[in-house]
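Topology and contacts: notes
The chain contents come next:
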Amino acid sequence: MMTRIILIVFTCIVAIFAISCSSDDGPPTSNLTMEVLGLEPLTNGARYQGWIVVDGEFKSIGKFDQVSSSMVFPVNAENLEKATSFVLSIEPPNDSDAEPSKTRLLTGTFNGNTATVSINAVVADFSPISGKFVMATPTDNVADNDEFGIWFEDPSGIQVVPGLNLPPLADGWKYEGWVIFDGIPVTTGTFIETNTFDDASPFSGNGSAPNYPGEDFLNSAPQGLTFPDDGDVRGKMVVISVEPSPDYDQATPFFVKPLSGTAGQLTAPQVNTLDPTNNAPFGRVRRD
């Protein structure tokens, strides 16, 4: 009899414990699956954060810095059912606020249980773009070293015009030019407008630069290079990237690179062409 009583008491305790644990599990969840191609891992403490929009408010689904082509997030079932759209943002290190940053990378509106996501509405639409540049060194007084500079301008017409045909970017983003020297990417500067100076000229000389983004590679080379000796642009890859602003990895181009090309052998006024890369991330999210 005593054994039976002990068994009954033990069973009740287990049942009570199970009920208690069940009540602590919180509201029911459903899965949101994100299937996106073209994302790359983030560095230096920056993280992606996914959001659903419910009754006009952002609800976080979680943060991550490593990526795969298919990722599953448990989300409050009621919120997920009511969600009208999805946003993927890039958040700074130690971020703790309840709103996405201005640096929003992907968005899409739910149609049934699926939302097609792209950068078009939150970064820019890169479908009608083109690029040109020349090799020249306007910031020094040397006449025969134009292979050590690059400027995103087009002098082939009656007057010099901007070499980059790019759309305006949303808040939280800037363009940046790059030349790849022996595997080392070197910036030509960040910019928003294509018809004026970029934000910096760390390698140029003291002379006047044209009113366009660009750089002369004459001084103060980054580690691993010597300017001007290693600053010959001829035959080098040239890239225009779209960078988060603020930028958490200033040493390398962000993985969204709308334009790229290879410099030829002839300096200005010879014009070189940049081609669209169509490498922007895209995909879908679905609620299961």
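Residues numbered from 1 in each chain as written. Predicted model: local features only at pLDDT ≥ 70, side-chain atom pairs only at ≥ 80, totals over all residues. Heavy atoms only, no water.

1. Section: the overall build of the protein chain
Of the regular secondary structure elements, the protein chain holds 2 helices and 19 strands. Here the protein chain has a C-alpha radius of gyration of 26 Å; the compact-globule value for 288 residues is 19 Å, and the former is much larger. Along the first, second and third principal axes, the C-alpha set of the protein chain runs to 105 × 40 × 25 Å. Sorting the 288 residues of the protein chain into buried and exposed places 42% on the buried side. Counting 15 positive and 36 negative side-chain charges, the protein chain places the averaged centre of each group 13 Å from the other. (Helix = DSSP H or I, 4+ residues; strand = E, 2+ residues; numbered from the N terminus. Rg over C-alpha atoms; globule rule 2.2 N^0.38 Å. Buried < 20%, exposed > 50% of the residue type's maximum accessible area, 1.4 Å probe, protein only. Lys, Arg positive; Asp, Glu negative; His and termini not counted. Charge placed at Lys NZ, Arg CZ, Asp CG, Glu CD.)

2. What to know about the sheet that holds strand β13 (residues 173-181)
Taken in spatial order, the 7 strands line up as β12-β8-β18-β17-β16-β13-β14 in an open sheet, and their pairing is antiparallel. Two strands bound the open sheet, and with one partner strand each, they are β12 (164-165) and β14 (184-191). Bridge count between β13 and strand β16 (residues 237-244): 8 bridges; the pairing is antiparallel. Looking at β16, one finds that W178 is bridged to V239. (Pairing = 2+ DSSP bridges.)

3. Digging into the sheet that holds strand β1 (residues 29-37)
With antiparallel pairing, the 8 strands of this open sheet are ordered in space as β3-β2-β5-β6-β7-β19-β1-β4. Strand pairing shows two members of the sheet lacking a second neighbour, β3 (57-64) and β4 (70-76), which therefore form its edges. Between one strand axis and the next, the sheet turns by 25° as a mean value, whatever way the strands run. In the sheet, strand β5 (residues 85-91) pairs with strand β6 (residues 104-111) via 5 bridges, with the strands oriented antiparallel. (Axes fitted to C-alpha atoms, helices over the stretch in contact; angles between N-to-C directions.)

4. Considerations on the confidence of the model for the protein chain
Detailed reading of the predicted model is not advised wherever pLDDT is low. Residues at a pLDDT of 70 or more form 91% of the protein chain, whose mean pLDDT is 91. Below a pLDDT of 50 lies the segment residues 1-23, which in the model reaches 0 contacts outside its immediate sequence neighbourhood of four places, other chains included. (pLDDT = per-residue confidence, 0-100. Contact = heavy atoms within 4.5 Å.)

5. Things to note about the pairing of β16
Extensive coverage of β16 is indicated by the burial of 7 of its 8 residues. For β16 and strand β17 (residues 259-262), the ladder comprises 4 bridges, and the chain directions are antiparallel. Note on β17: the bridge partner recorded for V238 is G261.

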